[in-house]
Each structure stands twice: as C-alpha cells, then as structure tokens.
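For reference, the chains in residue letters:
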Amino acid sequence: MAESLDMFHRAKQRTFSGLTRDAEHRWTGPFYFIQAADPQLGLMKAWKDGNCDGGGDEWTEEVELTKQAVEAVNRLRPRPRFMVLCGDLVHSMPGTEFKEGQERDLKEALKGTDPSIPLIFVSGNHDIGNTPTPSSVENFCKTWGDDYFSFWVGGVLCLVLNSQLFFDASACPQLKEAQETWLEDQLSTAASSSSAGPKHILVFQHIPLYLQRPDEENDYFNLQKEVRQKLLDRFRKAGVKAVFSGHYHRNAGGYFDGLDMVVSSAIGCQLGEDTHGVRVVVVTADGVVHRYHSLEQLSTAGMDEDLRALLEA
Ligand SMILES: [Fe+2]
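Small disclaimer: the values here were computed from a predicted structure and weren't measured.

Parameters at a glance
- Residues numbered from 1 in each chain as written.
- Predicted model: local features only at pLDDT ≥ 70, side-chain atom pairs only at ≥ 80, totals over all residues.
- Heavy atoms only, no water.
- Salt bridge = Lys/Arg side-chain N within 4 Å of Asp/Glu carboxyl O.
- Helix = DSSP H or I, 4+ residues; strand = E, 2+ residues; numbered from the N terminus.
- Buried < 20%, exposed > 50% of the residue type's maximum accessible area, 1.4 Å probe, protein only.
- Donors = N, O, S within 2.8 Å, 3.2 Å for Na, K, Ca; no water.
- Tetrahedral: all angles 85-135°; square planar, octahedral: opposite > 155°, others 65-115°.
- Contact = heavy atoms within 4.5 Å.
- Core = buried A, V, L, I, M, F, W, Y, C linked by side-chain atoms within 4.5 Å.
- Pairing = 2+ DSSP bridges.
- Axes fitted to C-alpha atoms, helices over the stretch in contact; angles between N-to-C directions.

A short note on the pattern of salt bridges
Phase 1 of the analysis: Applying the stated criterion across every chain yields a total of 19 salt bridges.
Phase 2 of the analysis: Here arginine 79 makes a salt bridge to aspartate 114, at a shortest N to O gap of 3.3 Å. Taken together, the residues arginine 79 in the loop between helix 4 (60–75) and strand 4 (83–85) and aspartate 114 in the loop between helix 5 (99–110) and strand 5 (119–121) connect sequence positions 35 residues apart.
Phase 3 of the analysis: Of the residues examined, arginine 79 reaches a relative accessible area of 29% and is grouped as partly exposed.

Shown next as structure tokens:
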C-alpha cells in the first residue's frame, strides 16, 4: 500500500523525490522520456453522448488505452527516464460525481508502470477546474502531488507549471502570485548559474502557449495573447528550449526563435485525426528531438530507429 501511494505522491515541497538537483544536476549524455497528455477518463463516452460539460459516466475505453500505454512504455529498452502526463488526468470536473471513481481507476491503470520510471503529473483544467479554487488545487495536490514544482534529470532542469493559474486565477489570486514568485526564482537562478547550471530547461504544462504561431488569435485551446507573450519572453530570456503541453487532443505546435512549443494529442479521446498515442522525446547535448508515436506503433515496433540512434550517438 505504502509503495502504491508513493508513486503518486513524489512531487512534494516543489521538488520531486529522487529527481532533485543534488542527485541529477550532472549531464551524463543523451537520454529520453515519454510525454503524454489527456488520458481524461470519461471524455470518450461524454463526447459520444454530445455532453462534454457533464456526462462521462463510463471510462473503460480510456482505462484500456492507459494500460496499453503503460505496457508499451514498460517494454522499451533502454527505459525512459520518466513519463510525464500533461494534464486532464480525468474528465470529471472538481466536485462532480464521477471524479473519485475516475481517479481511482486511473491510479489502478498506472500502477503497472515499471517502478524505475517515475510518473510526473501535471494539472489540467478538468483536474482543478477552469476557474481553480484553493480547495480544488488542494485536492489535486492530495491526489497527485504538487501542482507546480521543478525536477532534474541528467543535467536538465524541468519545470512543471499549473497553467490554470495563467488562464483564470480570479478565485485564487494568492496561488497565482505564489507560482509567479517561484517561477521567477527558478528562471533567474537557472539563467545566472552558468557552468553549474542546467544543460537545458524544459517546461511542462497543460494549456499550450500557442497551437501554431506565437501571434495567433486567442482560442479555447491556447493561452491569452498577453499572458502568452509575457511567458514567451521570460522563457526565452532564461533559455527554455521547449514547452510540452496537451489540452488540444491533437498534435500541433511550432518552433520560433529558439523555443519549441510542443502540443501532443491524447492517450484518450481524439478531437482530430491523430491516433491514441504518446510522444517520445530524446534529449541530446544540442537540444530535444521528439516524435508522436501511436500506442499501436509503440506496442509493436517500439520507438523509431532514428530516435534510438540519437541515444547511442
Ligand atoms: Fe483535455
């Protein structure tokens, strides 16, 4: 019991147990990780019923897809250094009737992840609400660990952010302030620590800064222009290489001025033409190379050969 509880509560005190700066600040060569998003237990049924604001009274399909992802990832060699789930872990909004059951069943499906692969959880709008409150955020932290924190892997600094605080913090302004202060500290420390600093900085959040271009219009699926621009400026100044997100349930994104905005489709419900899948991300000395793999492809053929070659270079 203690063990199964632990794998879901490693993000504490704004860091992640086992992946601290002390343990992981040194670059030791290329590695890779798995980025996934939106298992969102319950959306597939809700989408079929045409009731995405409620519904979601069944989630067996998403449980199966999540288990398929876990099994495919477990079979990969070498093993990924971690797997990050970029939000919308379940579909039911805070305080609604199916949330507890969906969260319980997602944990059950994720429990099969090989213990050597840390699971990193990111909060999405369905996890803490479109307008989060102190209590919805607190519940998330109790269930999945801190809503924002940093961790280190092989010399790379990773920042997990709560993008709902960028989207609408009207019901929790202090939480927004606290994340801002923390983020500023993280970015300025990283930017100023030259030789002892990170090889790369990566960001993980649920809502993409943009879907195609930094100057695109506001949309349900991106962050508001003004907020977006400020974050882009801060990230670029600090040398952030890539921002990984979900939310769109389609693959998208774009590379501009040294920053790669990566939008990954869902493990669960597809809203476009993509397949259920996860992204394989290889981190080399030069930067990050990534490709979305369908669960089918990952299960049968493993990761693409050219990505594997980068790890051995
Ligand atoms: Fe979603």
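Examining the coordination of the iron ion
Angles between donor atoms at a metal ideally measure 109.5 degrees for a four-coordinate tetrahedral arrangement and either 90 or 180 degrees for a six-coordinate octahedral one.
Phase 1 of the analysis: In the first shell of the iron ion, the protein supplies Asp38 (OD), Gln40 (OE1), Asp88 (OD) and His249 (NE2), at 2.1 to 2.3 Å from the metal.
Phase 2 of the analysis: Around the iron ion, the 4 donor atoms sit at angles spanning 84 to 176°, and that spread fits a shape best called irregular.
Phase 3 of the analysis: Counting residues between consecutive donors of the iron ion along the chain gives the motif D-x1-Q-x47-D-x160-H. Here aspartate 38, found in the loop between strand 3 (31–36) and helix 3 (43–49), pairs with histidine 249, found in the loop between strand 9 (240–245) and strand 10 (252–256); they are 211 residues apart in sequence, far enough to count as distant.
Phase 4 of the analysis: Residue classification places histidine 249 among the buried positions, given a relative accessible area of 3%.

Looking at the environment of alanine 285
Phase 1 of the analysis: Mapped onto the elements of the fold, alanine 285 is located in the loop between strand 12 (277–283) and strand 13 (288–294).
Phase 2 of the analysis: Assessed through its relative accessible area of 40%, alanine 285 is described here as partly exposed.
Phase 3 of the analysis: Separated by 229 residues in the primary sequence, alanine 285 and glycine 56 have C-alpha atoms spaced 43 Å apart.
Phase 4 of the analysis: Setting aside its immediate chain neighbours within four residues, alanine 285 contacts Trp27, Lys199 and His200.

Thoughts on the nonpolar core
Phase 1 of the analysis: Tyr32, Ile34, Leu110, Phe121, Trp144 and Val278 are the most contacted members of the largest nonpolar core, which totals 41 residues.
Phase 2 of the analysis: Looking at this core element by element, the count peaks at 6 residues for helix 4.
Phase 3 of the analysis: Core analysis: the next-biggest nonpolar cluster, separate from the first, contains 29 residues, Trp152, Val203, Ile207 and Val243 among them.

Things to note about the sheet that holds strand 11 (residues 259–263)
Phase 1 of the analysis: The 6 strands are arranged 6-7-8-9-11-10 in an open sheet whose pairing can be described as mixed. Of all the strands in the sheet, the pair left with one neighbour each is strand 6 (149–153) and strand 10. The average angle at which neighbouring strand axes cross in this sheet is 15°, direction not considered.
Phase 2 of the analysis: Relative to strand 11, strand 9 runs parallel, the two sharing 4 bridges. From the neighbouring strand, phenylalanine 244 faces strand 11, where its bridge partner is valine 262.
Phase 3 of the analysis: Taken strand by strand, helix 9 (residues 173–192) contacts strand 6, strand 7 (156–160), strand 8 (200–204) and strand 9, and its axis lies near 165° from that of strand 7.

Coordinates in, geometry out; function isn't part of it.
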